[in-house]
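Working through the structure, step by step
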Amino acid sequence: MIWTLGLLSVLSLLLAAWLGWRFVRLRRRLDDYARTVRRAAWKGNTLLPRDVPALEELSNAVRDLVAELNDQFAEVDGERGKLAAMLDQMTDGVLIADANGQISFLNPAAERLFEHYDAVGHTVAEVVRQHQLVEAWQRCQESGEVQIESVELPGRHQFLQLFAIPERHTSGSLLMVQDLTRVRQLETVRRDFISNISHELRTPLASLKALTETLNEGALDDPPAARRFLQRIETEVDALTQMAAELLELSRIESGHVPLKLKNVTPDRLLESAAERMRTQAERAGLGLRVEAGADLPPVRADAARLEQVLVNLIHNAVKFTRPGGEVILQAGAERAFVRFAVHDTGLGIPAEDLARIFERFYKTDRSRSGGGTGLGLSIARHIVEAHGGRIWAESVESQGSTFFFTIPTAA
Ligand code: ADP
């Protein structure tokens, strides 16, 4: 915002200096023409109409003057066009109002932000319709000083910041409005992220502290107990290592540092390969694991290793949340320009209120909060799918099972 304000001020100063300089030049030229006209007129008193050279001089001077004026108008028009294009393209809203608050100009961004498309001639209060912002404008008018005000628009979850700047020539003001919604959201995400990560670290670190203290306080002299404690320490360290690895992976994917190696990938082969990797784990959990996908499906344009990572993640969850005797089914089907993959389980299911949130970082349902897992797996899966131009979502009925779907564009 400050940068934009600075840019606008520099631009208006340059424009003012340029216009001033043109004006001085024009004055000089006009003085010259006036002298020529006076001379011709004086000659005219005595010599006209026979003094043809004087008449010619006069007509040349008028022609030059017209040409000069046309050039100057074209240049002013050009500069005005540039300024107008810049104001049109700006994402910040700009609004100019006179001393009574009547609006004489607003750019398209301001029209969008205030949802008012016919604002010229209306007042600031009618267009802005937000009492804190209107009061900031009033304070600016009364004090002649820049005023800054921020508000969250109720119902629209939009966060706006207004700069009201006094305009001395017209005694009115220039209002600049910035949409800070995205910045605010990012701040919230970052705050939540830090609080989540501290929370997630606290539990394993507290366990490690307790386990080492117990060992120190005598358990070391009891070898069977010491071995048990060491095993638990190892489990906690493994969980921390996994969390560190997943966080690193997530941050690399989010920052775009993992370029996708896109190739044509056959959906049924991809499912078979992921199923093969997870077969032992499923068998050990007493679950059936099968693939239902035709070989005639169109190939998808994908990074095979990354998509397999998504599938393995989903199958891993399905195995984790399904009781022995249950089943995990992998499916794929064509859906217009996409192939839709599905990982279906007959497990515990996910409560309806959690369904929309399980793709958030660190989110776990109440049931799985105490168990292992970082709550990062689905977040990573979502990023990978979205990087492919696809979508991921889940459907579930509690105690009947869950199905995770994701779409990937076909190669064609
Ligand atoms: P985690 O590492 O904890 O499994 P995820 O991001 O993979 O993290 O999953 C987030 C949460 O979503 C899990 O903790 C669990 O509560 C829920 N969840 C994911 N998949 C399933 C599933 N197939 N059945 C039931 N709950 C699931």
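For the structure given in this document, a descriptive report is provided here. Treat the numbers as computed from the prediction; the structure is a model and nothing was measured. (Residues numbered from 1 in each chain as written. Predicted model: local features only at pLDDT ≥ 70, side-chain atom pairs only at ≥ 80, totals over all residues. Heavy atoms only, no water.)

Okay, the overall build of the protein chain next. Of the regular secondary structure elements, the protein chain holds twelve helices and twelve strands. Within the span of the protein chain, comprising 412 residues, buried residues form 39% of the whole. On the protein chain, roughly 24100 Å² of surface is accessible, and the fraction owed to carbon and sulfur atoms is 55%. (Helix = DSSP H or I, 4+ residues; strand = E, 2+ residues; numbered from the N terminus. Buried < 20%, exposed > 50% of the residue type's maximum accessible area, 1.4 Å probe, protein only. Areas by Shrake-Rupley, 256 points an atom, 1.4 Å probe, with all protein chains shown as cover.)

Attention shifts here to the pairing of strand 9 (residues 327–335). The side chains of a regular strand alternate between both faces of the sheet. In terms of strand pairing, strand 7 (residues 288–292) meets strand 9 through five bridges, oriented parallel. Following the sheet pairing, glutamate 292 is matched in strand 9 by glutamine 331. Where strand 9 lies against strand 10 (residues 338–345), eight bridges are found, and the strand directions are antiparallel. The residue bridging alanine 334 from the neighbouring strand is valine 339, located in strand 10. Once strand 9 ends, the chain turns through two residues before running back antiparallel as strand 10, passing arginine 336 with a positive phi of about 50°. (Pairing = 2+ DSSP bridges.)

Here we take up the side chain of glutamine 147. Among the structural elements, glutamine 147 can be located in strand 3 (residues 147–153). In terms of polar contacts, glutamine 147 uses its side chain to reach the side chain of serine 143, at 3.3 Å. (Polar contact = N/O pair within 3.5 Å; in protein donor to acceptor, adjacent residues only side chain to side chain.)

Alignment of strand 1 (residues 93–97) against strand 2 (residues 103–106), held across three bridges, turns out to be antiparallel. Within strand 2, the residue paired with alanine 97 across the bridge is isoleucine 103.

Let us look at the sheet that holds strand 1. Pairing within the open sheet is antiparallel, and its five strands lie in the order 2-1-5-4-3. Strand pairing shows two members of the sheet lacking a second neighbour, strand 2 and strand 3, which therefore form its edges. On average, adjacent strands in this sheet sit at an angle of 20° to one another, irrespective of strand direction. The pairing of strand 1 with strand 5 (residues 172–179) spans five bridges and is classified as antiparallel. Along strand 5, the bridge assignment pairs valine 94 with methionine 176. (Axes fitted to C-alpha atoms, helices over the stretch in contact; angles between N-to-C directions.)

Below, the discussion takes up the environment of alanine 282. Here alanine 282 is to be found in helix 8 (residues 267–284). The residues contacting alanine 282, other than those within four sequence positions of it, are Leu287, Leu289 and Val319. (Contact = heavy atoms within 4.5 Å.)

Right, let's get into the pattern of salt bridges. In a structure, side chains of opposite charge can pair up when their charged atoms sit close to one another. Summed over all chains, the structure comprises 15 salt bridges. Note that lysine 364 is salt-bridged to glutamate 200, the shortest N-O span being 4.0 Å. Taken together, the positions of lysine 364 in the loop between helix 10 (352–355) and helix 11 (366–369) and glutamate 200 in helix 6 (residues 181–216) put the pair 164 residues apart, joining distant regions of the chain. For lysine 364, a relative accessible area of 9% gives the class buried. (Salt bridge = Lys/Arg side-chain N within 4 Å of Asp/Glu carboxyl O.)

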